[in-house]
Amino acid sequence: MTVPVTVVGGFLGAGKTTLINRILAAAPARTAVLVNDFGEINVDFDLVETDDDLIFELSGGCICCSMAEGVGPAIKRALTTRPEVILIEASGVGEPRRVAEFALLDPALRLDMIVTLANAVELSEQVNDPLIGDTVVRQFDGADLIVLNHTDTAPPETLAEAHAILRRLAVGRRVVETVAAELPLDMLTASTHAIFSAGPLVDASDHDGMYSSATFVGPDAVERAGFEAALTALPRSVLRLKGWVQITDEPVPMLVQYVAGRWALTPAPDAPAETRLVAIAASGEMDLAETLQNIMGSKP
Ligand SMILES: Nc1nc2c(ncn2[C@@H]2O[C@H](COP(=O)(O)OP(=O)(O)OP(=O)(O)O)[C@@H](O)[C@H]2O)c(=O)[nH]1
């Protein structure tokens, strides 16, 4: 019996973890999840809602290039838990097709499908961005289903533009509009196996060279107003920021989610009682460590 694998990809903050948690919440099957966070701290390990012993993490690099050698062993570890299904969350800069190619090499597995999420608000700017455009475009290669997420915050003309881009980049592929990755889960069963009719794989990218990340870990706490103002003032070159922060006077840590200029702070009673933040930008764009120090209110 081979174990079916679904690869979930999409750019930073598109909604991959949100979709995986939806699948897990509905899944009757025993599901192992491989999560790849590009940053040094694997935040997704804590955000994926299932038993810790069913989550396998690869962090501090990209699963499709620098950490590719780790994929096979991680799958082997996952198989020891006798899963009925495996989900692989690619990093937000990773190419899901390349991850799926690793799964195809393992005779114990069969590829179910590749799902790529896109941020409806950001897609047009992303594909036209000279630094990140190539990464975003490649994430649709071989995808069976494209989940056009974040539609709640996309003005109609931006949404129409996103569809036009997808018609060009993913000819004939299924596209579903979602808010918080809420889709009929039976859409995840009828795979078209687009990977088998996709063109030849283009050369591997060097995502660890193209993107950089920085982390801030410590007991430090910040005032809420100053922290919120700092998030709001972050330059758009910060592509993603997530983790937990200790806020003065808050009884529990707060989960920080920052995606492309939008952010949310939510109580996270089960999170560790320390500040743990990770930020990602295109390489050379900025000093991310200094940015994190600044939002924590300390001088570098
Ligand atoms: N407004 C809005 N927020 C969303 C939607 N989907 C997800 N989010 C939020 O966007 C943030 C990022 O979602 P994730 O699911 O963590 O995204 P991701 O693709 O796993 O992120 P990375 O793994 O860091 O690349 C979280 O705060 C989500 O709650 C949506 O459709 N609309």
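Residues numbered from 1 in each chain as written. Predicted model: local features only at pLDDT ≥ 70, side-chain atom pairs only at ≥ 80, totals over all residues.

Caption draft 1: Representation of the overall build of the chain in the model. Helix and strand counts for the chain stand at ten helices and 13 strands. Here the C-alpha atoms of the chain give a radius of gyration of 19 Å, agreeing with the 19 Å that 2.2 N^0.38 yields for 300 residues. For the chain, the C-alpha atoms occupy an extent of roughly 55 × 45 × 35 Å along the three principal directions. Sequence separation of at least 24 residues holds for 75% of the intrachain contacts in the chain that already meet a minimum separation of 6. (Helix = DSSP H or I, 4+ residues; strand = E, 2+ residues; numbered from the N terminus. Rg over C-alpha atoms; globule rule 2.2 N^0.38 Å. Contact = placed C-beta atoms within 7 Å.)

Caption draft 2: Broad picture of the domain arrangement of the chain. Along its sequence, the chain is carved into domain 1 (3-205) and domain 2 (208-295). With 20 residues of domain 1 at the contact, the number on the domain 2 side is 16 residues. (Domains from an automatic or database assignment.)

Caption draft 3: Spatial organisation of helix α4 (residues 96-105). In terms of burial, α4 is largely enclosed, as seven of its ten residues are buried. Looking at α4, one finds that the buried residues are Pro-96, Arg-97, Arg-98, Val-99, Ala-100, Phe-102 and Ala-103. (Buried ≥ 20, exposed ≤ 12 C-beta atoms within 10 Å, placed from the backbone.)

Caption draft 4: A look at the site of the ligand. The ligand sits among 22 residues. The nearest are Lys-16, Thr-17, Thr-18, Gly-92 and Gln-257. Looking at the shell around the ligand, the elements with two or more residues in it are α1 (16-26), β10 (238-247) and β11 (254-259). Element by element, the count of residues in the shell around the ligand is highest for α1, at three residues. In terms of residue class, the shell around the ligand is made up of seven nonpolar, ten polar and five charged. Each of domain 1 (3-205) and domain 2 (208-295) contributes no fewer than three residues to the shell around the ligand. (Near = placed C-beta within 6 Å. Nonpolar A, V, L, I, M, F, W, Y, C, P; charged D, E, K, R; others polar.)

Caption draft 5: Inspection of the nonpolar core at higher detail. Core analysis: the biggest nonpolar cluster contains 92 residues, and Val-7, Leu-34, Ile-88, Val-99, Val-115, Ile-146 and Ala-279 have the highest contact counts within it. Viewed by domain, this core spans two of them, domain 1 (3-205) and domain 2 (208-295), each represented by three or more residues. Residue contacts for Ile-146: discarding those within four places in its chain leaves Thr-116, Ala-118, Phe-140, Leu-166, Ala-170, Arg-173, Arg-174 and Val-175. (Core = buried A, V, L, I, M, F, W, Y, C linked by C-beta atoms within 7 Å.)

Caption draft 6: Here's a closer look at the confidence of the model for the chain. For the chain, per-residue confidence averages 92 on the pLDDT scale, and residues scoring 70 or more make up 99% of the total. Interface confidence for the predicted complex, expressed as ipTM, amounts to 0.99; the pTM equals 0.96. (pLDDT = per-residue confidence, 0-100.)

Caption draft 7: Fine view of the pairing of strand β1 (residues 3-10). Along β1, seven of the eight residues are buried, which leaves the element largely enclosed by surrounding structure. Strand direction decides the pairing type here: β1 and strand β5 (residues 109-119), joined by eight bridges, are parallel. Considered in β5, the bridge of Val-7 is made with Ile-114. The sheet contact formed by β1 and strand β4 (residues 85-89) spans four bridges and is parallel. (Pairing = 2+ DSSP bridges.)

Caption draft 8: Up close: the sheet that holds strand β2 (residues 31-37). The parallel open sheet is built from seven strands, whose spatial order is β3-β2-β4-β1-β5-β6-β7. Because the sheet does not close on itself, it has two edges, and the strands there are β3 (55-59) and β7 (174-177). Strand-to-strand twist of the sheet, defined as the mean angle between neighbouring strand axes without regard to direction, takes the value 20 degrees. Bridge analysis of β2 against β3 gives five bridges, and the strand direction is parallel. Bridge assignment links Asp-37 to a residue of β3, and that residue is Ser-59. Packing of α4 onto the sheet brings it into contact with β1, β4 and β5, and relative to β5 it is tilted by some 170 degrees. (Axes fitted to C-alpha atoms, helices over the stretch in contact; angles between N-to-C directions.)

Caption draft 9: Structural view of the environment of Asp-44. Topologically, Asp-44 is positioned in helix α2 (residues 43-47). Between the C-alpha atoms of Asp-44 and Gly-243, which are 199 residues apart in sequence, the distance is 9.1 Å. Not counting the four nearest positions on each side in its chain, Asp-44 is found in contact with Thr-17, Val-35, Asp-37 and Glu-89.

Caption draft 10: Main features of the UniProt feature "domain: CobW C-terminal" (unreviewed entry) in the chain. UniProt marks residues 211-296 with the feature "domain: CobW C-terminal" (unreviewed entry), using the numbering shown here. As annotated, residues 211-296 comprises 20% helix and 47% strand, and the C-alpha atoms at either end are separated by 22 Å. (UniProt positions renumbered as here; feature names shortened; annotations may be inferred.)

Caption draft 11: Molecular detail of α1. Along α1, the residues classified as buried are Lys-16, Thr-17, Leu-19, Ile-20 and Ile-23. One face of α1 carries all of its buried residues, which in axial projection span an arc of 160 degrees. Away from its buried face, by an angle of more than 90 degrees, α1 presents the exposed residues Ala-25 and Ala-26. Buried residues along α1 sit against β1, β2, α2, β4, β5 and β6 (145-149). (Arc of directions from axis to C-beta.)

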